[in-house]
Amino acid sequence: MKKTLGLMAATLAVTGGTTMAEEFSVVGSWSGLPLHKQYEQPFWTEKLPAMSDGRMSANLTTHDQMGIKGGDVYRMLGEGVFDVGMTVADYAVADTPALEGLDVPLIAADAKAAQAMVEAARPMIDDIYADVFNAKVLGVAPYPPQVVFCNAEIASLEDLKGKKIRASGRMTGKLLEALGAEAVSVGFGEVPGALQKGVVDCAVTGAGSGYSAGWWEVSTHLMPIPLGGWDPVVTAMNMDRWNSLSDEDKALVQKAVTEELEAPAWASAQDALATDVACLTGQGECPTEARDMILVEASAADAETARNILVTEVLPDWAERAGGDWGQRWNDTVGKTAGVEIPLN
């Protein structure tokens, strides 16, 4: 695999000139979901080549097309198997619990607040990727807020108690357990079967992701409370590959990712949630085929209960597991931006 992808990443000299034609081997996020189809794929195959006057190109695939797990993407990126990796940051928390601090549930109620939190977290994320994955972070883009799909009757947050629920990330799993549910680890592609067979009662993912993957076929109720945060997808380049670029090319790649991949994905995130909920429930305008899931609106009391548990139990547990000064760094950056402080010993 290394040999094949290494050939994909070959750098071709332009004869007679000082510039280099750069071809990147890129592994994107889930191939069937909107983030990849609407943003990642056009960026690497159209926008970056156009911004570089055709000098930069990419051989693009995705981790699911390659048959590798999301949790392996950044490890393989650090080893130089490919040049650029893009996947959900939560998939990599087994390698570094500190990374859980990027995607905290319930704190960001809209895309603007979620983006502000991500920007505040960037110095921490940059350090984690450099130290753990030998990678340079280029950008962070969101999936829509992670909401709750249930193949069981629910009317409030209280009804999640005792249910087996697929969590979208480790911190979400901790929150679900603190709420009295049983957090279950199930891969995204395996969720429909798990819901249908009763392996899980509910599952957390983005509303648009659930729509695209057909979760409405095996779920009856939808609760659009962001129990799973915004599931940020980090775009990172192998650090050795990054360092091989000229300063001019580094600036071009960074500008392109920021303006033509990251910014458009954030700009569409908030409206996408309303549209996705409408398409899943048939309540509101849906540009595609509307489904008929039962919409369960979480009450203000539900949201306050979950948030209190998050701040008093889940976040302190994370700070202890992350160790070092990660809890204080989070308070000084993300927490300050969001108006949340982890009580530290």
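Residues numbered from 1 in each chain as written. Predicted model: local features only at pLDDT ≥ 70, side-chain atom pairs only at ≥ 80, totals over all residues. Heavy atoms only, no water.

## A short note on the pattern of salt bridges
Pairs can form between side chains of opposite charge whenever their charged atoms are close.
Thinking step 1. In total, this model carries 14 salt bridges according to the counting rule given.
Thinking step 2. With a closest N to O distance of 3.0 Å, E22 and R241 form a salt bridge. Within this pair, whereas E22 is found in strand 2 (residues 20-28), its partner R241 is found in helix 9 (residues 239-244), the two being separated by 219 residues in sequence.
Thinking step 3. Residue R241 is classed as buried on the basis of its relative accessible area, which comes to 9%.
Thinking step 4. Residue E158 pairs with K161 through a salt bridge whose shortest N-O separation is 3.1 Å.
Thinking step 5. In this structure, a network of salt bridges that share partners links the residues E100, R170, D317 and R321. (Salt bridge = Lys/Arg side-chain N within 4 Å of Asp/Glu carboxyl O. Helix = DSSP H or I, 4+ residues; strand = E, 2+ residues; numbered from the N terminus. Buried < 20%, exposed > 50% of the residue type's maximum accessible area, 1.4 Å probe, protein only.)

## Overview of the layout of surface pockets
Thinking step 1. There is about 800 Å³ of room inside the largest pocket.
Thinking step 2. Along the wall of the largest pocket there are 27 residues; nearest its centre are Y91, S185, V186, G187 and F188.
Thinking step 3. Considering only residue class, the lining of the largest pocket consists of 10 nonpolar, 10 polar and 7 charged.
Thinking step 4. In this structure, the second largest pocket spans a volume of roughly 400 Å³.
Thinking step 5. What lines the second largest pocket is a set of 19 residues, among which P34, Q38, G208, A272 and D276 lie closest to the centre.
Thinking step 6. If you list the elements that add at least two residues to the lining of the second largest pocket, you get helix 2 (34-51), helix 8 (207-212) and helix 10 (247-281).
Thinking step 7. Residue contributions to the lining of the second largest pocket peak at 7 residues, all from helix 10. (1 Å grid on protein atoms, 1.4 Å probe; cavity = no way out; pocket = protein on both sides within 12 Å on 5 of 7 lines; lining within 4 Å. Points joined across faces, edges and corners; volume = space filled by probe spheres on them. Nonpolar A, V, L, I, M, F, W, Y, C, P; charged D, E, K, R; others polar.)

## Structural notes on the nonpolar core
Thinking step 1. Formed by 69 residues in total, the largest nonpolar core has its most connected members in Y129, L227 and W330.
Thinking step 2. If we skip the residues at most four places from it in the chain, W330 touches G101, V104, I107, M124, L315, W318, G335, K336, V340 and I342. (Core = buried A, V, L, I, M, F, W, Y, C linked by side-chain atoms within 4.5 Å. Contact = heavy atoms within 4.5 Å.)

## Thoughts on the state of the cysteines
Thinking step 1. Inspection of the entire model under this criterion finds 2 disulfides.
Thinking step 2. A sulfur-sulfur separation of 2.1 Å characterises the disulfide bridge that pairs C279 with C286. Residues C279 and C286 are joined by a disulfide whose S-S torsion is about 105°; by sign, that bridge is right-handed.
Thinking step 3. The exposure class assigned to C279 is buried, which follows from its relative accessible area of 4%.
Thinking step 4. Cysteines bonded in the protein chain are numbered consecutively along the chain; their disulfide partners then correspond to 1-2, 3-4. (Disulfide = S-S within 2.5 Å.)

## As for the packing of helix 2 against helix 10
Thinking step 1. One way to put it is that helix 2 packs onto helix 10 with a least axis distance of 10 Å and a crossing angle of 150°. Classified by the angle between their axes, helix 2 and helix 10 sit roughly antiparallel to one another. Once helix 2 is placed against helix 10, the crossing between them reads as right-handed. Across the interface between the two elements, L35, Y39, E40, F43, K47, L48 and M51 from helix 2 touch L252, K255, A256, V257, E260, L261, P264, A265 and S268 from helix 10.
Thinking step 2. For the contact of helix 2 with helix 10, the residue count by class is 11 nonpolar, 1 polar and 4 charged. (Axes fitted to C-alpha atoms, helices over the stretch in contact; angles between N-to-C directions. Parallel < 35°, antiparallel > 145°, perpendicular 65-115°, else oblique. Left-handed = near helix turned anticlockwise from the far one by under 90°.)

## A word on the sheet that holds strand 7 (residues 164-166)
Thinking step 1. The sheet built from 6 strands is open, its strands ordered 8-7-9-6-10-12 with mixed pairing. Looking at the sheet topology across the chains shown, the edges are occupied by strand 8 (182-184) and strand 12 (294-295).
Thinking step 2. One ladder, built from 3 bridges, connects strand 7 with strand 8; its direction is parallel. Each bridged residue has a counterpart across the sheet, and for K164 the counterpart in strand 8 is E182.
Thinking step 3. This element, helix 10, spans strand 6 (146-150), strand 10 (221-223) and strand 12 of the sheet and lies at about 160° to strand 10. (Pairing = 2+ DSSP bridges.)

## Section: the pairing of strand 6
Thinking step 1. Of all 5 residues in strand 6, 5 are buried; the element is thus mostly enclosed.
Thinking step 2. Both faces of strand 6 are covered, namely the face carrying Q146, V148 and C150 and the face carrying V147 and F149.
Thinking step 3. Bridge count for strand 6 against strand 9 (residues 202-206) is 5 bridges, and the pairing is antiparallel. Residue pairing in the sheet places F149 in a bridge with A203 of strand 9.
Thinking step 4. In terms of strand pairing, strand 6 meets strand 10 through 3 bridges, oriented antiparallel.

## A closer look at the confidence of the model for the protein chain
Thinking step 1. For the protein chain, mean pLDDT is 92; residues scoring 70 or higher make up 94% of the total.
Thinking step 2. Every residue in residues 2-18 scores below 50 in pLDDT, and together they form 25 contacts with partners more than four places removed in sequence or on other chains. (pLDDT = per-residue confidence, 0-100.)

## Quick word on the environment of V204
Thinking step 1. When you line up the elements, V204 lands in strand 9.
Thinking step 2. Judged by relative accessible area, which is 0%, V204 ranks as buried.
Thinking step 3. Spatially, the C-alpha atoms of V204 and R166 are 6.0 Å apart, while their sequence positions differ by 38 residues.
Thinking step 4. Apart from the residues within four sequence positions on either side, V204 is in contact with Q146, V147, V148, I165, R166, S168, L176, W215 and G228.

## Section: the environment of A135
Thinking step 1. Take A135: it is sitting in strand 5 (residues 135-141).
Thinking step 2. The class of A135 is buried, set by a relative accessible area of 1%.
Thinking step 3. As for A135 and I154, which are separated by 19 residues in sequence, their C-alpha atoms are 43 Å apart.

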